[in-house]
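Residue-level structure breakdown
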Amino acid sequence: MEIELAFQDFEEQKTLSDSKDFFLIETSSKQEIKKFIEKFNIQEKDLFLNQFKRLLDDSNFEYGFSNPAEHYVREALSNYGLFVRNWISEIFIENLSNEKRTSSILKILMHLDSEELGCQGVSIALAALSHKSNAVREDAIRVFENWENPNYITALKSISCSEEWLQEMLEEVIAYLESL
Amino acid sequence: MEMPQRYQVNFFCDLDEVSPEASLIMKLNEAFKEHSLVSSSFQEFVFDGNTTTTKQRLILTTERKDFVVRFDKNAIIFEQVRHQDFEMPSLDKYLKKVKEVFKIINDNFSIKGKRLSFLFTCLLKEMEKKDLEKTYHKILIPNSYYAKQKPFEWNTRQVALSEYAINKKKEKINVITQINRSQGTLTLATGKKNVDRILYSSDINTNQENMNPRFDLSDFEIFLDKSYNQFVEIKKDFEEILNGD
């Protein structure tokens, strides 16, 4: 018996034919599906995490320029979508104290589409807004600037920065988003 | 030395509408800054008949993910797990944290609990093989075959019904204790280690017959206090049996 895996991402229902997020599994067993998902989440996840961390540490990150880490994430998102978003979120949390990696992840996110990154991308950027490092907070503000999504104006208005330059930057980005 | 593996408290309630939206994430990140908890999301798979659906759910986590608060569809789960590089906090310290975190959650969500539970798992101190075999005879009465052949793996589970007075409510409570001899691999800071030890688990929960939404913050705290005291009493009792002749 063929089982179609239907996904509910926020309010949107995707069917398997629309989504590259998953694979068709021929099975009549809930247990088999569960096992497949668990196995996938372990094997593919390990491969992705190891490669991604290496690229985070070895790639050169500059505003406005892409790099191998970004290309890798784009490809992974197109192949594994939903899973990759979760894995990136996990790496971000695990490396909250690692300013370089945190900053690098944000520089990747700012070059990707916020819709493609889903709520995981948003939660990363929002968490970064409260980071103790000014550099990370600056990157987070730039993420929202690049995403050009007015839906996040409220979130940006709810924070304030004690550093004058950062507060000015924040206000400029808010004004820019409000003008869209 | 005893090695706690997991502490868990569950507050069962309806949470299907709670999702990781931007405004909620911002609010919670600010509210939990002092607890070093960050909002994120996890993927929930629901296997239902012929359809498997997935939904993003909210989670609060520490950086090393040893303390997480998951907002499942039907429960808020407060979980503390052993991290290979860090010592597990004491149980009462964990419960104090759970109460503090839940108070903040309660301030942000209007929720009544349907059911409450408290779980604890630990490996008892390491023993020599002969002492592990003696433990078996203290817990179980084997027949002639197992008395002679000495099992290397065994499980026991006991469930009894108790009653707690929680703010003028009389609640039936399931009190479950499991004592098993188990083999496995532990991941430690020094590397992996094969173990053969006694695993002690406790599960104290409000009886499933009553699933009406009724538990508030005060009820939750009283339940945690009473179940902690009951757990300590039962474990102490078992330890006296296990350590005796």
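Presented here is a report on the structure given in the accompanying data block.

With that settled, consider the overall build of chain A. On a plain count of helices and strands, chain A comes out with seven helices and four strands. Listing every helix and strand of chain A by position from the N terminus yields β-β-β-β-α-α-α-α-α-α-α. Across chain A, the fraction of contacts at a sequence separation of at least 24, relative to all contacts at a separation of at least 6, is 64%. In the structure as shown, chain A presents an accessible area of about 9,000 Å², 46% of it carried by carbon and sulfur atoms.

Another aspect to go through is the packing of aromatic side chains. Residues and elements named next belong to chain B. Taken as a whole and assessed by the stated rule, the structure comprises 22 aromatic pairs over all chains. Relative to Y94, the ring of Y7 lies with its centre 5.2 Å away and its plane at 45°, an arrangement referred to as tilted. With Y7 in strand β1 (residues 3–12) and Y94 in helix α2 (residues 91–108), this pair connects stretches of sequence that are 87 residues apart. For the residue pair Y7 and Y94, the accessibility class agrees, reading buried in each case. Centre to centre, the rings of F78 and F102 are 6.2 Å apart; their planes meet at 70°, and the pair counts as edge-to-face. One end of the pair, F78, is in strand β5 (residues 75–81); the other, F102, is in helix α2, with 24 residues separating them in the sequence. Looking at F78, the relative accessible area reads 0%, which means it is buried.

Further remarks concern the nonpolar core. Core analysis: the largest hydrophobic core is formed by 107 residues, its most contacted members being F11(B), F71(B), I76(B), F78(B) and I105(B). If one sorts the elements of this core by residue count, helix α2 (residues 68–94) of chain A sits on top with 11 residues. Setting aside residues no more than four positions away along its own chain, F11(B) makes contact with N74(B), A75(B), I76(B), F78(B), F102(B), I111(B), K112(B), G113(B), R115(B), L116(B), F215(B) and F220(B). L123(B), L186(B), L188(B) and L199(B) belong to the second-largest nonpolar core, a separate cluster that totals six residues.

Two numbers describe a pair of packed helices, the interaxial angle and the distance between the axes. All names here are of chain A. It is at 9 Å that the axes of helix α4 (residues 114–129) and helix α5 (residues 134–147) come closest, and there the two elements cross at 150°. With respect to α5, the element α4 is oriented roughly antiparallel. Note on packing geometry: the crossing formed by α4 with α5 is left-handed. Counting all contacts with α4, which are made through S114, L117, G121, V122, A125, L126, A128 and L129, the residues of α5 involved are V136, R137, A140, I141, V143, F144 and W147. Taken together, the residues of the contact of α4 with α5 sort by class into 12 nonpolar, two polar and one charged.

Summed over the entire model, instances satisfying the criterion amount to 29 salt bridges over all chains. Between E90(A) and K45(A) there is a salt bridge; the shortest N-O distance is 2.8 Å. Taken together, the residues span a long stretch of sequence, with E90(A) in helix α2 and K45(A) in helix α1 (residues 30–58) at a distance of 45 residues. For K45(A), a relative accessible area of 19% gives the class buried. Linking E30(B) and K33(B) is a salt bridge whose minimum nitrogen-to-oxygen distance equals 3.6 Å. Among the charged side chains, a network of salt bridges with common partners joins K45(A), E90(A), E94(A) and K65(B).

Cut-offs applied
Residues numbered from 1 in each chain as written. Chains lettered and ligands numbered in written order. Predicted model: local features only at pLDDT ≥ 70, side-chain atom pairs only at ≥ 80, totals over all residues. Heavy atoms only, no water. Helix = DSSP H or I, 4+ residues; strand = E, 2+ residues; numbered from the N terminus. Contact = heavy atoms within 4.5 Å. Areas by Shrake-Rupley, 256 points an atom, 1.4 Å probe, with all protein chains shown as cover. Phe/Tyr/Trp six-rings, centres within 6.5 Å; stacked < 30°, edge-to-face > 60°. Buried < 20%, exposed > 50% of the residue type's maximum accessible area, 1.4 Å probe, protein only. Core = buried A, V, L, I, M, F, W, Y, C linked by side-chain atoms within 4.5 Å. Axes fitted to C-alpha atoms, helices over the stretch in contact; angles between N-to-C directions. Parallel < 35°, antiparallel > 145°, perpendicular 65-115°, else oblique. Left-handed = near helix turned anticlockwise from the far one by under 90°. Nonpolar A, V, L, I, M, F, W, Y, C, P; charged D, E, K, R; others polar. Salt bridge = Lys/Arg side-chain N within 4 Å of Asp/Glu carboxyl O.

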